[in-house]
Every structure is written in C-alpha cells, then in structure tokens.
Amino acid sequence: MELEHAIGFNGKASHSLHVHPTDDTILYALGGCVVIAQLKDTHNQVFLRGHDDLVTCVDVSPSGQLVASGQLGDNADVIIWEYHAPEQEGQLAEAVEKYRLQEHDIGIHSVHFTSDERFLLTVGKDKKLIVWDMLSGCIVSRSPKLKNIPHCACWGGRARDIKGRETTKFQFATGGDGSLTYWTLDPSDGSMTPEECTLGNQVHARTRVSAYAHAPTYEPHSSHPISFLPTRRCAISRRSPSRGTRPISLRARPPPTSPPSTSSIRSCTRRPSADRTA
C-alpha cells in the first residue's frame, strides 16, 4: 500500500512546520516522514521517507537547499535532504537524502542550521550537543554529556572580540530548565566551550532562543525569551511582558592568531550506515 495523501502534522515535534524560503511550499513532520506540500494545493504532496520512527524535529536552511530531520527511537538518525525546487509551476518539489548522521541515542530533540549553512547543531535526547560539517557530513565538535536536555538552541553568527571585530569562532546559546548557556565553537580544533550565564534569582525554564545578529535594529518580542543583539555581544533574557527584559553580558574573547582554512577544519569519520529493519 502506497501513501497518496495525508492530513495533519506532528504538533509536538520541535519546529515541525516550515514555509520554504524560495518557493510556495510548506514542509512539516507527519508520523515517520517529512511532507512537502504546495500552498496553493495542499493535496499535492511529496513524502520524504527514510526514518523508521516518529520524526521529532525539522529545520530548513536559510537558502532552502538543505532540510534536516531527526527521529525518535534507538536509530536516532538525523537525515540531511537536498531540496530541489520545482522547475515549473504546478510541479512537485523533490528532495534526496544527502547525509545520514548517526551519533545520537534515544532520539533527537532539535536541529539548527547556521546562517551560512556550513554547520548543523543537533540536540539529542541523550543530553549531547553535536556540530556537523555540511560540506562533508562529518563531526566538527561534540559536547560532553549535559545535566539536562536543552529545550531550545540558537546560532548567533560569528563571535566577536573585545573590540567588536568578528573572529573565526562561532557562537550559539542553549536554554533549559533554569539555565542559559553561551557556547563558543572553534572549527579549527573542534573545541566547544560552554559558559553558564548568571541568572540571579530570576530562574525560569527557557523554551525559545532567537538571534538578531543580522537585524539592523532590535525590538524585544514576547515570543523570544532569549535573543542575541545585533552586536552579538550580549543576550537579552525576557522575564515577562510586564517586567520587560534583562541583558546578560557575554564575555568577548580575543581572536585567534590566524584564521583556519577549509582544510584545517577537524574531520571525523561518520559511523558507517548499516542495513536496518524498520
């Protein structure tokens, strides 16, 4: 029996509904597959099949060329799909599997592309953070096992030094139950350095983080509890609409002596794919 049409989506999946940035299609998680449907005719659907359990998260790269999806279960794989837009109006889009990332256990909580689509951050239900290189599909860096699973994560572009100049390092933030962590990634040596933010007596469960690194102005919004400012020098932690926001300073670090080349990025061999039964 072949699936022809589906109704509904995984509402509990992390960021499970996306509008494609370049064409009139939407992508969403439904059961064990990812659905691509046209906005003008939602009955016109394409199903991306490759998972053998419930799809728990979906993310689309800024250009729309890459789609990442993660699943639940023992085979907690993340699949990177290469998206091909329809050539003519009315045709269906296509997507083929580019990478299968096999390093997490139990399940995938969320996946996040960088703005330049070079790296992908995966947050696992096994309390691990892993950064992947989208040019090779290899691991760039991984964190030790965390105390709690982050509820949210967000890239903040390039880290800046004390003079406000961009360095070769990347920065991102993760939030969870009573915690907010600022991370610095150095792709040249594969190091990922955490820095816990001091929240004082205002301890909340962080459920959403956002980056305003490329916005000309910053206007706090109630749906974004944590955000990077345009200067990328600090984060804004929202308490409540009535009490406003509270800035959390992030210590800047000096730039490295020389920028890493593409070939100097740490490369790790992916775990070979094995034949699996659904």
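For the structure, check the block above.
Residues numbered from 1 in each chain as written. Predicted model: local features only at pLDDT ≥ 70, side-chain atom pairs only at ≥ 80, totals over all residues. Heavy atoms only, no water.

Asker: Please clarify how the sheet that holds strand β15 (residues 179-186) should be interpreted in this entry.
Answerer: The strands making up a sheet associate through hydrogen bonds between their backbones, and the pairing can be parallel or antiparallel. The sheet built from four strands is open, its strands ordered β13-β14-β15-β16 with antiparallel pairing. The open sheet is flanked by β13 (152-160) and β16 (191-196), the only strands paired with a single partner. Between one strand axis and the next, the sheet turns through 25° on average, direction left out of account. (Pairing = 2+ DSSP bridges. Helix = DSSP H or I, 4+ residues; strand = E, 2+ residues; numbered from the N terminus. Axes fitted to C-alpha atoms, helices over the stretch in contact; angles between N-to-C directions.)

Asker: I would appreciate a short explanation of the side chain of glutamine 171 in the present structure.
Answerer: Tracing the chain through its elements places glutamine 171 in strand β14 (residues 166-176). We classify glutamine 171 as buried; its relative accessible area is 0%. A polar atom in the side chain of glutamine 171 sits 2.7 Å from the side chain of tyrosine 182. (Buried < 20%, exposed > 50% of the residue type's maximum accessible area, 1.4 Å probe, protein only. Polar contact = N/O pair within 3.5 Å; in protein donor to acceptor, adjacent residues only side chain to side chain.)

Asker: I tried to follow the pattern of salt bridges on my own but got confused; where do I start?
Answerer: A side chain of one charge can pair with a side chain of the opposite charge when the charged atoms of the two come close. The full count for this structure, using the stated rule, is six salt bridges. Between glutamate 97 and arginine 100 there is a salt bridge; the shortest N-O distance is 3.3 Å. For aspartate 161, the salt bridge is made with arginine 165, and the minimal N-O distance between the two is 3.0 Å. Overall, arginine 165 belongs to the partly exposed group, its relative accessible area being 45%. Residues participating in the shared-partner salt-bridge network are Asp77, Glu97 and Arg100. (Salt bridge = Lys/Arg side-chain N within 4 Å of Asp/Glu carboxyl O.)

Asker: Looking at this structure, I do not really get the pairing of β13. What am I missing?
Answerer: In terms of residue burial, β13 counts as a mostly covered element, since seven of its nine residues are buried. Where β13 hands over to β14, the hairpin turn is made up of five residues, of which glycine 164 adopts a positive phi near 85°.

What is shown is where atoms sit, not what they do.
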